[in-house]
Amino acid sequence: MNPNISLASASICFYGAGSMAEAIVRGLIHKGVAAAEQIAMLNRSSQERLAYLSQTYRVSAANEEAAKRQHLREASIIVLAMKPKDAGEALSELGPMLREGQMIVSLIAGLSIATIQALLGGNIPVARTMPNTSCSIGCGATGISFSAEMSEEQKAQVLSMFQAVGMVSVIPEERMEILTGVSGSGPAYIYYMMEAMIEAGVEGGLTPEQARGLTVQTVLGAALMMAETGENPAKLRADITSPNGSTQAALEVLEAGGFRPNVKAAVHRAAERSLEMGEAVRKSLL
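Residue positions within a chain follow its written sequence, with the count starting from 1. Under the rules for a predicted model, residues below a pLDDT of 70 receive no local features and side-chain atom pairs below 80 are neither given nor counted, while totals for whole chains, interfaces and linings still include all residues. Only heavy atoms go into the side-chain values, all of them from the structure, while hydrogens and water stay out.

The name an unreviewed UniProt entry gives the chain is Pyrroline-5-carboxylate reductase, with Paenibacillus macerans as the organism. The UniProt entry for the chain carries this comment under Subcellular location (unreviewed entry): "Cytoplasm". UniProt positions are given in the numbering used here, feature names are shortened, and annotations may be inferred rather than shown by experiment. Turning to the chain, the UniProt record has this under Pathway (unreviewed entry): "Amino-acid biosynthesis; L-proline biosynthesis; L-proline from L-glutamate 5-semialdehyde: step 1/1."

Shown next as structure tokens:
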């Protein structure tokens, strides 16, 4: 289905106006997936934030109760973009306003489909998503799980929204935690490695600007090489690792420090922590 068609008649209300909501709105408008007049953004208190969003993207924005209720009732897609601590009250109030044909798209980390439906008071169509921060530049990775109530058209609409800000992977909900460990938290692992590379470059005599520029381009080039060639990373690594050369010497240091098992352990620990936080959110809201 053409994404430009699938959202052509949708009205989208972002219930929360944080950075991730803004990133998605920017992508929708920039890619022509949805027009500004199809989008409303709501928040609880900051009129200054809403004024900025309205002026920048030409979307509707509101924090007055009457206007918020009207937007929520009229929207065909409601995107939950509030903080987890605000979700209980917000969803309990939202439930009675919902009408047939509406669907919920959740950006809230840790909040399961079952918990969302329980708070709304019914088996509402729900898409649970886990985007990462690279969505803000159109290069995100988003995991999506759909509730059984979602129609094929609704699924296509959700896919269109997130394809506007990067790539999408549809997964069973029970895989959402490991996806969080790989791609949700993943950018932080790369930034951590880049910090160390830049520091080493400066220690060796490069200027901070040179070390930063070389590191950024090296990571960018490696990612694009893997994406464009489709090669296994092990082969790409082997291609630049000459026997007894400088790259092999460097990799031996990483191996001696447990680089591979440590990265894998980090991914699994992030997944475990996501599950722990999700359970804490569930207990606090229900």
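(A) Geometry of the overall build of the chain. Strands here mean DSSP runs of E at least two residues long; helices mean DSSP runs of H or I at least four residues long; both are numbered from the N terminus. Across its full length, the chain holds 13 helices and eight strands. Burial status follows relative accessibility: with a 1.4 Å probe on protein chains alone, a residue under 20% of its type maximum counts as buried, one over 50% as exposed, and anything between as partly exposed. Expressed as a percentage of its 286 residues, the buried residues of the chain come to 41%. Relative to all contacts within the chain whose residues are 6 or more apart in sequence, the contacts with residues 24 or more apart total 63%. In this description, accessible areas are obtained by the Shrake-Rupley approach with a 1.4 Å probe, and a residue is regarded as covered only by the protein chains that are shown. When the accessible area of the chain is evaluated, it comes to approximately 15500 Å², of which 57% is carbon and sulfur surface. His is not counted here, nor are the chain ends, while Lys and Arg score as positive and Asp and Glu score as negative. Every charge is mapped onto a representative atom, which is NZ of Lys, CZ of Arg, CG of Asp or CD of Glu. The centroid of the 23 positive side-chain charges in the chain is displaced by 3 Å from the centroid of its 28 negative side-chain charges. Any pair of residues with heavy atoms lying within 4.5 Å of one another is described as a contacting pair.

(B) Expanded view of the state of the cysteines. To count as a disulfide, a pair of cysteine sulfur atoms needs to be within 2.5 Å. All told, the structure shown has zero disulfides when counted by the stated rule. Cysteine cysteine 135 is unpaired, with the sulfur of cysteine 139 as its nearest cysteine sulfur at 9.4 Å. For cysteine 135, a relative accessible area of 2% translates into the label buried. Using a relative accessible area of 54% as the deciding quantity, one classes cysteine 139 as exposed.

(C) Structural detail: the UniProt feature "domain: Pyrroline-5-carboxylate reductase catalytic N-terminal" (unreviewed entry) in the chain. In the numbering adopted here, UniProt assigns the feature "domain: Pyrroline-5-carboxylate reductase catalytic N-terminal" (unreviewed entry) to residues 12–110. Span residues 12–110 is 44% helix and 19% strand, its end C-alpha atoms 23 Å apart.

(D) Looking closely at helix 8 (residues 176–184). Met176, Glu177, Leu179, Thr180, Gly181 and Ser183 are the residues of helix 8 that are buried. Buried positions along helix 8 lie against strand 6 (126–130), strand 7 (140–146), helix 9 (186–203) and helix 13 (259–285).

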